[in-house]
Each structure stands twice: as C-alpha cells, then as structure tokens.
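So the chains spell out like this:
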Amino acid sequence: MEIKTQIEKAKKGDQTAFTFLLNHYWNEVYGFMLKRTENETNAEDITIETFSKAFDKIETYSFEFQFNTWLISIAKNVHIDLLRKKKSSLFIELTDREDQKAYNIADTTLTAEDELIREQNLSRLLRYIKELKPHYQEVIQLRYFQEMTYQEIANTINEPLSSVKVKLLRAKKLLAEIITSKR
C-alpha cells in the first residue's frame, strides 16, 4: 500500500517519492542487470538509465502491473538498446574528446592542497567523495562545489536531465553510506 501511495506522489512530481522509489527498488534492478551483464559498471549505468526513463514516464505506469516488473522491463529495453549501440559503434573512430576521457582516471593520491584541507572537516568529506565512482564524483563536484544547476550539469556531461537527477540521488545515498560506515 505504501508503494502505491509513493507512486501516486511521484506521478504528481514529489521528489521525496522519487527518492523512496529509487532507494526501494535500486538493489532489485541493479542485481537483475548485474546478473545479465556480469559487469558492475554496465549494470549501474543501465540501472541509472532505467530509473531516469521510469521517472520521466511515471505518469504512464499502470497499477495493473507490479512496479518492479515495470522497472525490470524498462531495464531490459535499456540493456538491448545499449547492446545495439555497442554493436553499431564497434568500428567508429573516437574523437579526441572521447579519447581523452579514457585518460581522465581519478587519482586517489592526496595532493599538497588535500593535505592542507585534511585538517579541516572538509578534508574528510573530500576523501569520502573520492571513494565514489568517477561519474558520481563528477556530478557531486559540479553540483555542490561548482554550484551548477541540474540543467547545467546535464549540458556539461551531455546526459538527459533526468539521468543527472538520478545520478545525484544515487551519489548522495552512496556518500551517506560511506560516511556512516566510517563513523
């Protein structure tokens, strides 16, 4: 009954309902995709895209189906689309910008600036953020350190607005889990 209430609220645009649904169903969708893809990164990307699409189209959801079944069918379609894209782009040349992304791997070693900041409360937070996957670090950095709007972030990372919102929700949840586990 609570799920139905949360879905109704989400259909009206209630952000806390979206957060509840994301938290409630994340592990189920992610676990399903992890079994299918056998790759954590792909499973996570597909799960983010699934929730993004689901939240964009939540008004089309019908209560005659289970919500998790609806999410899983969206995830299957996202996965099929991903496989089609990979197959069609197998022999496409990478642009310099795309090629550069491969070299932008997060460096977890502390810089001199990090050492100075370490003495303050912010240093702990920065270390926790560095434990996140790079794409979560990026959205946290853009939103909270560069103070960009959701739309500006979407434009910067070239992703749909709904995907940015889902990534930020997930990044905040994972960051909270890291902080809690370190106490």
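The numbers attached to residues start from 1 for each chain and follow its sequence in the written order. With pLDDT at 70 or above as the cut-off, local features in this predicted model cover only qualifying residues; side-chain atom pairs require 80 or more to be listed or tallied, and sums for whole chains, interfaces and linings still use all residues. Processing note: side-chain calculations cover all non-hydrogen atoms of the structure and skip hydrogens and water entirely.

> Help me get a handle on the overall build of the protein, residues and values and all.
Secondary structure elements are defined from DSSP: runs of H or I of at least 4 residues count as helices, runs of E of at least 2 residues count as strands, and each element is numbered from the N terminus. Helix and strand counts for the protein stand at ten helices and zero strands. Starting at the N terminus and ending at the C terminus, the protein contains elements arranged as α-α-α-α-α-α-α-α-α-α. Only protein chains enter the area calculation, which uses a 1.4 Å probe; residues under 20% of their type maximum are buried, those over 50% are exposed, and those in between are partly exposed. Across the 183 residues in the protein, those meeting the buried criterion constitute 33%. Between two residues, a contact is recorded if the distance between any of their heavy atoms is within 4.5 Å. Pairs at least 24 residues apart make up 55% of the contacts formed inside the protein by residues separated by at least 6 positions. A total accessible area of about 12,000 Å² is found for the protein, and carbon and sulfur atoms account for 51% of it. Residue-level accessible areas treat just the shown protein chains as cover; the underlying method is Shrake-Rupley with a 1.4 Å probe.

> Please set out the nonpolar core residue by residue, giving values where relevant.
Of all hydrophobic cores here, the largest spans 45 residues; its most connected members are Leu21, Phe51, Phe67, Leu71 and Ile153. The set of elements that each furnish at least two residues to this core consists of α1 (2-11), α2 (15-37), α3 (40-56), α4 (67-88), α7 (121-130), α8 (134-145), α9 (150-157) and α10 (161-182). Take this core: its biggest share by element is nine residues, from α2. With residues near it in sequence (within four places) discarded, Phe51 still touches Leu21, Leu22, Tyr25, Trp26, Val29, Leu71 and Val166. Only buried Ala, Val, Leu, Ile, Met, Phe, Trp, Tyr and Cys residues count toward a nonpolar core, and they belong to the same one when joined by side-chain atoms within 4.5 Å.

> Describe the packing of α8 against α10, and please don't skip the residues or the numbers.
Helix axes use the C-alpha atoms of the stretch in contact, all axes being lines fitted to C-alpha atoms, and the angles between their N-to-C directions lie in the range 0 to 180 degrees. Viewed as axis vectors pointing N to C, α8 and α10 meet at an angle of 100°, and their least axial separation amounts to 9 Å. In terms of orientation, α8 and α10 fall into the roughly perpendicular class. Facing His135, Tyr136, Val139, Ile140, Arg143 and Tyr144 of α8, the residues of α10 in contact are Lys167, Leu168, Arg170, Ala171, Lys172 and Leu174. Partitioning the contact of α8 with α10 into residue classes produces seven nonpolar, one polar and four charged. Any angle between 65 and 115 degrees counts as roughly perpendicular, while under 35 counts as roughly parallel, over 145 as roughly antiparallel, and the rest as oblique. Amino acids outside the nonpolar list (Ala, Val, Leu, Ile, Met, Phe, Trp, Tyr, Cys, Pro) and the charged list (Asp, Glu, Lys, Arg) are all regarded as polar, and Gly is one of them.

> Give a detailed account of the pattern of salt bridges, specifying residues and quantitative values.
Between Lys or Arg on one side and Asp or Glu on the other, a salt bridge is scored when a side-chain nitrogen of the former is within 4 Å of a carboxyl oxygen of the latter. Applying the stated criterion across every chain yields a total of five salt bridges. One salt bridge connects Glu44 with Lys133, and the closest N-O pair in it is separated by 3.6 Å. Taken together, the residues Glu44 in helix α3 and Lys133 in the loop between α7 and α8 connect sequence positions 89 residues apart. Between Arg84 and Asp81 there is a salt bridge whose closest N-O contact spans 3.8 Å.

> Please set out unusual backbone geometry residue by residue, giving values where relevant.
The residue Glu147 is not glycine, and still its phi comes out positive at about 55°. As for its position among the elements, Glu147 is in the loop between α8 and α9. Judged by its relative accessible area of 66%, Glu147 falls in the exposed class.

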